[in-house]
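# Commentary on secondary and tertiary structure
What follows is each chain in one-letter form.
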Amino acid sequence: MNGTPASVVEAAFRCYRSQDREAALPLYAEDFTFTSPQDDRIDKAAFFRRCFPTADRFTEQRLLRVTPAGEELVFAYYEYELTTGDRYRNVEAITVQGGLIREVQVFFGGRQPARGTPATP
């Protein structure tokens, strides 16, 4: 994929939300690894088998910020709402090399107040 690392990350999020696996696969390097509090450096095949098909758990997912942090590193800060109505925010540190996503590290955030509910100080 041509474009900036941030545009590659944005494309990957769009593919995930629409569950377009065929469009997503070429965005990820063959040696891709994914780490989260629930996954420890799983490979591309495991990611597409276990993690990619989970978008149906969400009623909404919004990228709040996509921030380049160097030539290859992008931080994606996003909010999502589960079908249960619970809202969360996460941050992903995503390494993009040669136009391909090589590594994703997910940092889980806390539960957010329901929309329209004021946050407590």
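Summarised in this report is the structure supplied together with it.

## Describing the overall build of the protein
Helix and strand counts for the protein come out as three helices and six strands. Listed by position from the N terminus, the elements making up the protein come as α-α-β-β-α-β-β-β-β. Computed over the C-alpha atoms, the radius of gyration of the protein is 14 Å, within 12% of the 14 Å expected from 2.2 N^0.38 for a compact globule of 121 residues. Oriented by its inertia axes, the alpha-carbon framework of the protein measures out at about 45 × 30 × 25 Å.

## A word on the environment of Arg21
Within the secondary structure, Arg21 is located in helix α2 (residues 21-24). Taking the C-alpha atoms as reference, Arg21 lies 8.1 Å from Phe48; in sequence the two are 27 residues apart.

## Some thoughts on the sheet that holds strand β1 (residues 28-36)
Pairing between sheet strands relies on hydrogen bonds along the backbone, with the strands arranged either parallel or antiparallel. Ordered by their spatial adjacency, six strands build an open sheet running β2-β1-β6-β5-β4-β3, and the pairing between neighbours is mixed. The strands lining the two open edges of the sheet, one partner per strand, are β2 (39-43) and β3 (58-68). Ignoring strand direction, the axes of neighbouring strands in this sheet form an average angle of 20°. Bridge analysis of β1 against strand β6 (residues 100-112) gives four bridges, and the strand direction is parallel. Residue pairing for β6: Thr35 is matched across the bridge by Gln105. Its contacts with the sheet place helix α1 (residues 5-18) against β1, β3, β4 (73-82), β5 (87-97) and β6, and it is angled at close to 175° to β3. Along the sheet, helix α3 (residues 44-51) makes contact with β1 and β2, crossing β2 at roughly 115°.

## Looking at the pairing of β3
Across nine bridges, the pairing between β3 and β4 is antiparallel. Considered in β4, the bridge of Gln61 is made with Tyr80. Adjacent in sequence and paired antiparallel, β3 and β4 are bridged by four residues, among which Gly70 carries a positive phi angle near 135°.

## Some words on the pairing of β1
The two faces of the sheet receive side chains in turn, since in a regular strand these alternate between them. Sheet analysis places β1 next to β2, joined by three bridges and oriented antiparallel. Each residue of the ladder has a partner; that of Phe34, found in β2, is Ile42. Taken together, β1 and the strand that follows it, β2, pair antiparallel across an intervening segment of two residues.

## Here's the deal with the pattern of salt bridges
Counted under the stated rule, the structure contains eleven salt bridges. Residue Glu60 pairs with Arg62 through a salt bridge whose shortest N-O separation is 3.5 Å. Exposure remark for Arg62: the relative accessible area of 32% places this residue in the partly exposed category. Among the ionic pairs, Glu81 bridges to Arg87, the shortest N-O distance being 2.4 Å. Looking at Glu81, the relative accessible area reads 22%, which means it is partly exposed. Under the relative-accessibility criterion, Arg87 is labelled buried at 3%. If you follow the salt bridges from partner to partner, you end up with Glu60, Arg62, Glu79, Glu81, Arg87 and Arg89 in one network.

Procedures and definitions
- Residues numbered from 1 in each chain as written.
- Predicted model: local features only at pLDDT ≥ 70, side-chain atom pairs only at ≥ 80, totals over all residues.
- Heavy atoms only, no water.
- Helix = DSSP H or I, 4+ residues; strand = E, 2+ residues; numbered from the N terminus.
- Rg over C-alpha atoms; globule rule 2.2 N^0.38 Å.
- Pairing = 2+ DSSP bridges.
- Axes fitted to C-alpha atoms, helices over the stretch in contact; angles between N-to-C directions.
- Contact = heavy atoms within 4.5 Å.
- Salt bridge = Lys/Arg side-chain N within 4 Å of Asp/Glu carboxyl O.
- Buried < 20%, exposed > 50% of the residue type's maximum accessible area, 1.4 Å probe, protein only.

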